[in-house]
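# Structural characterization, general
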Amino acid sequence: MEKGKTIIEGFGLKRYYQRGSETVKAVDGIDIVIRSGEMVSVLGPSGSGKTTLVHLLSCLDAPTGGSLLVEGVSVEGLSEDELAGVRRKTMGFVFQKFYLLPTLTVAENVELPLLFLRKQPDRAATMEVLGQVGLEDRAEHLPNELSGGQMQRAAIARGLIINPRLLIADEPTGNLDSENSKSIFDLFGHLVRDKGISILVTTHNLSLGRLANRVITLQDGKVVKEDRF
Ligand SMILES: Nc1ncnc2c1ncn2[C@@H]1O[C@H](COP(=O)(O)OP(=O)(O)OP(=O)(O)O)[C@@H](O)[C@H]1O
Ligand SMILES: [Mg+2]
């Protein structure tokens, strides 16, 4: 895919929560562009709005203000089904808690998103993504036979199986030690360089966040700093 092509654009994004008479401004007017072939990290302390922003960009939650374009198309007013279609076409997801199904093998877990797309899994393709995350020798294992770092690699392979243009990872190293966390971020760097995909990753770890090409720092729902490396 063409490098530098715009994948997601948010303008003046807001997500306010009303709690009684109090308004929580979880995301408070954020402009953000994610282009192909870049790794962007969103840094910020707990409660700064990272997850809320990721949910807006993932079309899992609707903004209370501003606009969002995914591959040039406004998602405003789309139905739940249409939004799910946008997600499946463009995005893969990785979560802090891995969410691997315990009774399925690693390979079967990786293939799960294909079932939602009504696509036939192709074991050779599955082995290829498992190879990209360094888990080709664990394909037939169950998740509880893996280390934490390996579980997250399996979850990353599951995110990659649909060939997403953008991999979105919310605090993917939150349950990992520092060595495994670093290797997950290194893996993200390789995936961006080798596959030309984009990665949006949140973390509150400054030294990890700086491994991205671009670091967006949030505070109280606003962008307070943006750095390029
Ligand atoms: N459903 C909700 N209702 C009301 N307030 C919410 C809701 N979800 C999030 N918030 C508030 O929005 C703010 C941002 O939360 P968010 O989860 O986006 O932070 P975060 O940066 O991801 O934090 P963490 O690093 O702890 O994951 C917080 O003040 C939070 O309490
Ligand atoms: Mg969060």
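The paragraphs below set out a description of the structure included in this document. (Residues numbered from 1 in each chain as written. Chains lettered and ligands numbered in written order. Predicted model: local features only at pLDDT ≥ 70, side-chain atom pairs only at ≥ 80, totals over all residues. Heavy atoms only, no water.)

## Here we look at the environment of Leu-211
- Mapped onto the elements, Leu-211 comes out in the loop between α7 (206-209) and β9 (214-219).
- By relative accessible area, which is 37% here, Leu-211 ends up partly exposed.
- Between the C-alpha atom of Leu-211 and that of Phe-188, which follows or precedes it by 23 residues, the distance is 9.3 Å.
- What Leu-211 contacts, discounting residues up to four positions off in sequence, is Met-39, Lys-182, Phe-185 and Asp-186. (Helix = DSSP H or I, 4+ residues; strand = E, 2+ residues; numbered from the N terminus. Buried < 20%, exposed > 50% of the residue type's maximum accessible area, 1.4 Å probe, protein only. Contact = heavy atoms within 4.5 Å.)

## Quick look at the nonpolar core
- Ranked by internal contacts, the top residues of the largest apolar core, which has 35 residues, are Leu-130, Ile-156, Phe-188 and Ile-199.
- When contributions to this core are tallied by element, the ones reaching two or more residues are α3 (106-116), α4 (123-132), α5 (148-160), β7 (166-170), α6 (178-195) and β8 (198-203).
- Among all residues touching Phe-188, those that are not within four sequence positions of it are Met-39, Ile-156, Leu-167, Ala-169, Pro-172, Ile-199 and Val-201. (Core = buried A, V, L, I, M, F, W, Y, C linked by side-chain atoms within 4.5 Å.)

## With respect to the site of ligand 1
- Around ligand 1, the neighbouring residues are Tyr-17, Arg-19, Val-24, Ala-26, Pro-45, Ser-46, Gly-47, Ser-48, Gly-49, Lys-50, Thr-51 and Thr-52.
- Backbone polar atom of Ser-48 to an oxygen atom of ligand 1: 3.2 Å apart, as the coordinates give it.
- For ligand 1, an oxygen atom lies 2.5 Å from a polar atom in the side chain of Thr-52.
- When ligand 1 is considered free in solution it has 640 Å² of accessible area, and contact with the protein chains removes 62% of it. (Near = heavy atom within 4 Å. Polar contact = N/O pair within 3.5 Å; in protein donor to acceptor, adjacent residues only side chain to side chain. Areas by Shrake-Rupley, 256 points an atom, 1.4 Å probe, with all protein chains shown as cover.)

## A few points about the sheet that holds strand β4 (residues 65-70)
- Strands sit in the order β2-β1-β4-β5 across an open sheet of 4 strands; the sheet is antiparallel. Bordering the open sheet on either side are β2 (22-35) and β5 (73-74), each of which pairs with just one other strand.
- Bridge analysis of strand β1 (residues 6-19) against β4 gives 5 bridges, and the strand direction is antiparallel. Opposite Glu-9, over in β4, you have Leu-69 as the bridge partner.
- Across the sheet, helix α1 (residues 50-57) lies against β1, β2 and β4, angled at about 125 degrees from β1, the strand it touches most. (Pairing = 2+ DSSP bridges. Axes fitted to C-alpha atoms, helices over the stretch in contact; angles between N-to-C directions.)

## Observations concerning the pairing of β1
- The sheet contact formed by β1 and β2 spans 11 bridges and is antiparallel. Following the sheet pairing, Leu-13 is matched in β2 by Ile-30.

## Description of the sheet that holds β8
- If you trace the 6 strands from one edge of the open sheet to the other, you get β6-β7-β8-β3-β9-β10, paired in mixed fashion. Two strands close off the open sheet at either side, each with one partner strand: β6 (91-95) and β10 (222-228). Each neighbouring strand pair of the sheet contributes to a mean axis angle of 15 degrees, computed without reference to strand direction.
- When β6 meets β7, the two strands line up parallel, connected through 5 bridges. Pairing of Phe-93 across the sheet is with Ile-168, part of β7.
- Set on the sheet, α1 makes contact with β3 (39-43), β6, β7, β8 and β9; between it and β8 the angle comes to about 155 degrees.
- The sheet contacts of α5 involve β6 and β7, and relative to β6 the element is tilted by about 165 degrees.

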